[in-house]
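Given next are the chains, with one letter for each unit.
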Amino acid sequence: MAQYNASEVESKWQKKWEESGLHSVDLKNSKKEKFYNLVMFPYPSGDKLHVGHWYNYAPADSYGRYMRMKGYNVLEPLGFDSFGLPAENYAIKTGVHPHQSITQNVNQMITQLKRIGTIYDWDKTIVTSTPEYYKWTQWLFLQLYKKGLAFKKFAPVNWCPSCKTVLANEQVQDGTCDRCKSEVTKRDLAQWMFKLSAYAEKLLDFEGLDWPEKTITMQKNWIGKSTGSEITFKAEGIEGSEENIIVYTTRIDTLFGCTYMVLAPEHPLVPIFTTTEQKKNVKQYIEKAKKITDIERSSEVREKTGVFTGSYAINPVNGEKVPIWIADYVLVYYGTGAVMAVPTHDERDYAFAKKYDLPLRIVIADKKQHGEKDGAYCEDGVLINSGTFDGMSSEDARLKITEFLAEKKAATFRTNYRLRDWLLSRQRYWGAPIPIVNCKKCGEVPVLEKDLPVELPNISDFTPLDDGKSPLSKCEEFKNCKCPKCGGPAERETDTMDTFVCSSWYYLRYPNNKLADKPFDKAMMKKWLPVDMYIGGPEHACMHLIYARFINMVMHDLGFVDFKEPFKKLVHQGMITKDGAKMSKSKGNVVSPDEFVEKYGSDVFRMYLMFMGPFQDGGDWNDKGITGISRFVERFWNLVNGKSAEKDSEAVKKALHKLIKKVGEDIETLHFNTAVAAMMEFVNLAMKEGVCEESKKILVKLIAPMAPHLAEECFEGFGEKGSVIDAPWPKYDEKMTVDNVVRLGVQVNGKVRGDIEIEKTTDQKTAIEMAKANPNVAKYLENVTVVKEIYVPGKIIGFVVK
């Protein structure tokens, strides 16, 4: 028997798969039920695939292989999310054009991914930075623009002075850029946005989705729906104008406790209420607030700061004058950017009031008689110090006070969402150009669909500008154009789109990646979408996964697709760490799989990663156990290629049926670790007792999703034609998986005196006879009278004697 040579076997089968087109999927004519198996596509960084990449791709591929053996027509594509800052920064540093580095990196990654032995259909691949793809990203933008869902707005934004571009709030971590770690500042810039907020309510509907509950909760919290009241406070501006300050609150029942008001530093009414005496202080405070991120400003533990404007507003419920302050703990985009401050019933307001010695008034009583010195009482209770509303419960008062003020046109019921619109402008070169032209005569004009794509020019200077403009603004050839409407001179929009726009719809393009006249074919969409299994990291819960759902819902509402949700089932793979820390080049703790693959083969490495623990948990990398998986592969090879038994023993038969059931169920639930463990246990049994050839063939099929090269070689060794991946998944007999024999302790006067193995269906007479025949029991039945015989099938057997 030849020794198993992983390197030779894996090279052989990877070449055969490619030459035969084994992984090419017939999208149109197959009569099998479809299964769309997808992992979140990677950025082609140029780095070698590390252990974390393998942990994502290999088990997901094993699942796809299993589904193909179950009889499904499996589509498992992979593309590359290739726009973005890394390639552009690399170009600035080295002079290598992003197109050149990305092309090289994509080819390198495909070679590496083939080494894993995946079933990716490379004929269906996409690269988001190619004109063939971003033409349709621009088309997508135009569809939203036509429906009023894409718009330009002047807004305060997070600005990275090093990357010289706008950052989404999610890209700011502890006040620094998540890429370069520079301190983030604020800038007021005209920015393109998608009206994500228009879909807030729809995005709260998760019916029919098989998603992790934690992810659903994260999205619900991010969307932040609340039901409350909108209140109008009258106030006089410094020049005598009467102004309305609109406040949103979920606790109008505490309105009598309002002792001051707070405006966000960016609120447009701040200049109107700032007196001459306070102008200097207010201006200094606003400048300071620009340097603080929204996430920091929202922190519950950060010290509260603010400044008095010098003006007052009138509380509409009792006519009291309350001072108007500005403070950075109020955000201009959440609610109305203004709050009524009730220090005794809101923790932030309490901390602020204590710092600046502002009045406190308790208006909600609780059973413990909470006092002013006890901090803020934030729960519901009974109203006190609230005029005619005293004695009401908080719940009733929220209704009655709103209705009371509504009659005075000073309040209304309102539903609010924390979710903000999607800021998609980026002031960088390497991204999809925004298909808008600015004409002095016609204003803002969308590019005609027939003129797409608006292609990126081939420039050599990628250095971003300090004035908040893209490097494209320096390219006159790109910038200067004709207006699509009047034909006169115009200028192109020079911002490019956030890469999350590219990744928000890519799953729709895979089955249509060769279409030239439209982004996707509706009939193909109906056949293949939505995605059946989507695998990726939990860090995408509140960005990519919300954006993709939003875009899919828009496409559905516009009639382009028939399904509302893009991903039926979502699974988050766990993270592989090294010494407890996330793997990264900067930490120097990245583990390359190359040396392990060279030594043991990709099947061993794949199975070892799966054996580390549940797929959704991840774990800390340790290579000490990989030799155990290597020895298992050797034992498996020797068992399959060794002498076969004429027939299986009853123990082997039963164990095999149990194995078929367990491996299938474990792969279904992505518990690959226990599937591998069960295979090991059976191989040990089979090595001792022997196994027939037909059972060996079943074993080969069972291991095929997890060790595809090994399985192919064994399958071919049996003289089988074709690929093992197209062989049907083995079936089991449920009766053979149930243990009918149990071991029962035999009791005599309540004490166990011996035990017997007995079938669960054994009748009482036989069971009693078997128990009496046990030598250890028999001696306790000598010279006594058996008063009672006890037998509960499968549970208890015993005697009462005297």
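A brief structural summary. Note that residues are indexed from 1 along each chain, following the sequence as it is written. Totals for whole chains, interfaces and linings use every residue, but because this is a predicted model, local features are given only for residues with pLDDT of at least 70 and side-chain atom pairs only at 80 or more, for both listing and counting. Each side-chain value is worked out from all heavy atoms of the structure, with water and hydrogens disregarded.

Observations regarding the overall build of the chain
Applied cut-off: Starting at the N terminus, helices and strands are each numbered in turn, a helix being any DSSP run of H or I of at least four residues and a strand any DSSP run of E of at least two. Think of it in three bands: residues with accessible area under 20% of the maximum for their type are buried, residues over 50% are exposed, and the middle band is partly exposed, with areas taken using a 1.4 Å probe on protein chains only. Whether two residues are in contact is decided by their heavy atoms: any pair within 4.5 Å suffices. In these tables, accessible area is a Shrake-Rupley quantity obtained with a 1.4 Å probe, and a residue counts as shielded only by the protein chains included in the view. Positive charge is attributed to Lys and Arg, negative charge to Asp and Glu, and no charge count is given to His or to the chain ends. To locate a charge, the coordinates of NZ of Lys, CZ of Arg, CG of Asp or CD of Glu are taken.
Counting its secondary structure elements, the chain contains 27 helices and 32 strands. Projected onto the principal axes, the alpha-carbon positions of the chain cover approximately 110 × 80 × 50 Å. Burial status across the chain gives 54% buried among its 802 residues. Considering only contacts in the chain between residues 6 or more positions apart, those separated by 24 or more positions represent 73%. In the structure as shown, the chain presents an accessible area of about 36,700 Å², 49% of it carried by carbon and sulfur atoms. The chain carries 110 positive and 108 negative side-chain charges, and their two centres are separated by 1 Å.

Notes on the nonpolar core
Proteins that are soluble and globular tend to have nonpolar side chains buried together. Under the convention used in this document: In this text, buried Ala, Val, Leu, Ile, Met, Phe, Trp, Tyr and Cys residues form a nonpolar core when linked through side-chain atoms within 4.5 Å.
Core analysis: the largest hydrophobic core is formed by 177 residues, its most contacted members being F141 and F636. In terms of residue count, helix α2 (residues 51–69) provides more of this core than any other element does, 10 residues in total. Not counting the four nearest positions on each side in its chain, F141 is found in contact with A150, W192, F194, L424, I434, P435, I436 and M497. A235, F273, F308 and V317 belong to the second-largest nonpolar core, a separate cluster that totals 48 residues.

Looking at the side chain of T274
Quick reminder of the rule: Identification of polar contacts relies on pairs of N or O atoms within 3.5 Å, with a donor-acceptor requirement for protein atoms, meaning one able to donate a hydrogen and the other able to accept it, and with residues adjacent in sequence counted only if both atoms are side-chain atoms.
In this fold, T274 is placed in the loop between α8 (270–273) and α9 (279–289). The exposure class of T274 is buried, given its relative accessible area of 4%. Within polar-contact distance, the side chain of T274 engages the backbone oxygen of V270 at 2.6 Å. Ignoring sequence-local partners within four residues, the contact set of T274 consists of I238, K279, V282 and T309.

Re the sheet that holds strand β20 (residues 443–446)
Definition in use: Strand pairing is assigned whenever DSSP detects at least two bridges linking the two strands. To get an axis, fit a line to the C-alpha atoms, keeping to the stretch in contact for a helix; angles then go from 0 to 180 degrees between the N-to-C directions.
Taking strand neighbours across the sheet as the criterion, the four strands line up as β20-β19-β22-β21 in an open arrangement whose pairing is antiparallel. If you trace the sheet from one side to the other, it starts and ends with β20 and β21 (480–482), each paired once. Within the sheet, the average angular offset between the axes of one strand and its neighbour, ignoring direction, is 40 degrees. Strand direction decides the pairing type here: strand β19 (residues 436–439) and strand β22 (residues 489–492), joined by three bridges, are antiparallel. Bridge assignment links C439 to a residue of β22, and that residue is A490.

Focus: the environment of I324
Here I324 is to be found in strand β12 (residues 321–327). For I324, a relative accessible area of 0% puts it in the buried group. As for I324 and W222, which are separated by 102 residues in sequence, their C-alpha atoms are 29 Å apart. Setting aside its immediate chain neighbours within four residues, I324 contacts A235, I245, M261, L263, F273, F308, T309, G310, S311, Y312 and A313.

Brief notes about the pairing of strand β30 (residues 751–759)
Pairing of strand β29 (residues 741–748) with β30, which is carried by eight bridges, proceeds in the antiparallel orientation. By the bridge assignment for β30, L744 is matched with I756. The hairpin formed by β29 and β30 contains two residues between the paired strands, and N749 there has a positive phi angle of roughly 50 degrees.

Remarks on unusual backbone geometry
A cis amide bond, omega 5 degrees, links L452 with the succeeding residue P453. Mapped onto the fold, P453 is located in the loop between β20 and α13 (476–479). Residue P530 is bonded to the preceding L529 through a cis peptide linkage, with omega at 0 degrees. Turning to its location among the elements, P530 is positioned in the loop between α16 (522–528) and β24 (531–536). Located in the positive-phi region is D357, a residue other than glycine, with phi close to 55 degrees.

Regarding the side chain of S425
Considering the arrangement of structural elements, one finds S425 in strand β18 (residues 425–426). Accessibility expressed as a relative area gives 0% for S425, which makes it buried. A polar side-chain atom of S425 sits 3.4 Å from a polar atom in the side chain of D495. Filtering out sequence-adjacent residues up to four positions away, S425 remains in contact with V166, Q191, W192, I434, D495 and T496.

Examining the packing of helix α20 (residues 626–641) against helix α23 (residues 693–703)
Each pair of packed helices can be summarised by the angle the axes make with each other and by the distance between the axes. Under the convention used in this document: What sets the label is the angle itself: under 35 degrees gives roughly parallel, over 145 gives roughly antiparallel, 65 to 115 gives roughly perpendicular, and the rest give oblique. Two helices that cross are described as forming a left-handed crossing if the nearer one is turned anticlockwise from the farther one by less than a right angle, and a right-handed crossing if clockwise. Amino acids outside the nonpolar list (Ala, Val, Leu, Ile, Met, Phe, Trp, Tyr, Cys, Pro) and the charged list (Asp, Glu, Lys, Arg) are all regarded as polar, and Gly is one of them.
For the pair α20 and α23, interaxial distance at closest approach is 10 Å and the crossing angle is 150 degrees. Relative to α23, α20 is oriented roughly antiparallel. Seen from above, α20 lies across α23 with left-handed handedness. Of α23, the residues touching α20 (which contributes F632, F636, L639 and V640) are K696, L699, V700 and I703. Partitioned by chemical class, the residues of the contact of α20 with α23 number seven nonpolar, no polar and one charged.

Some thoughts on the sheet that holds β24
Pairing is parallel in the open sheet, where four strands are placed in the order β2-β1-β24-β25. One side of each edge strand has no neighbouring strand; the edge strands of this open sheet are β2 (73–75) and β25 (567–572). Averaged over all pairs of adjacent strands, the angle between strand axes in this sheet comes to 20 degrees, irrespective of strand direction. Strand contacts of α2: β1 (34–39), β2 and β24, with the helix running at about 175 degrees to β1, the strand carrying the most contacts.

A closer look at helix α3 (residues 85–94)
Along α3, the positions that sit buried rather than exposed are L85, A87, E88 and A91. In the stretch just after α3, G95 is the one whose phi turns positive, near 85 degrees.

Examining the state of the cysteines
Rules: Any two cysteine sulfur atoms within 2.5 Å of one another count as a disulfide.
For the structure on display, the rule yields zero disulfides. Not engaged in a disulfide, the cysteine C481 finds its nearest cysteine sulfur in C483; these two sulfurs lie 8.0 Å apart. The cysteine C483 is free of any disulfide, with C486 supplying the nearest cysteine sulfur at 3.8 Å. Residue class for C483 comes out buried when judged on its relative accessible area of 4%.

Concerning the packing of helix α19 (residues 602–611) against helix α24 (residues 708–717)
One way to put it is that α19 packs onto α24 with a least axis distance of 7 Å and a crossing angle of 125 degrees. In terms of orientation, α19 and α24 fall into the oblique class. For the pair α19 and α24, contact is made by S602, D603 and R606 and by P708, H709 and L710, respectively. The class makeup of the residues in the contact of α19 with α24 is two nonpolar, two polar and two charged.

Section: the packing of aromatic side chains
What counts, and what does not: Each Phe, Tyr or Trp ring, with Trp reduced to its six-membered ring, pairs with another whose centre is within 6.5 Å; inter-plane angles below 30 degrees give stacked pairs, above 60 give edge-to-face pairs, and intermediate values give tilted ones. The rule is short: NZ of Lys or CZ of Arg within 6 Å of the ring centre and within 35 degrees of the ring normal puts a charge over the ring.
Using the criterion set out here, one finds 48 aromatic pairs in the structure. With a centroid separation of 5.4 Å and an interplanar angle of 80 degrees, the aromatic rings of Y199 and F550 are classed as edge-to-face. Taken as a pair, Y199 in the loop between β7 (185–194) and α6 (200–203) and F550 in helix α17 (residues 544–557) lie far apart in primary sequence, 351 residues in all. Residue Y199 is classed as buried on the basis of its relative accessible area, which comes to 9%. By relative accessible area, F550 is classed as buried at 0%. Through successive ring pairs, a cluster of aromatic residues spans F141, Y145, W192, F194, Y199, W422, F500, Y547 and F550. In this arrangement the basic side chain of R65 is found over the ring face of W17, its NZ or CZ atom lying 4.9 Å from the centre. Over the ring of W159 we find R187; its NZ or CZ atom is 4.4 Å from the centre of that ring.

Quick look at the pattern of salt bridges
Definition in use: Any carboxyl oxygen of Asp or Glu within 4 Å of a side-chain nitrogen of Lys or Arg constitutes a salt bridge here.
Evaluation of the coordinates by the stated rule reveals 45 salt bridges. Notably, a salt bridge pairs R606 with D61, separated by 3.0 Å at the nearest N-O pair. Here R606 is found in helix α19, whereas its partner D61 is found in helix α2, with 545 residues between them in sequence. As far as the burial class goes, R606 and D61 line up, both buried.

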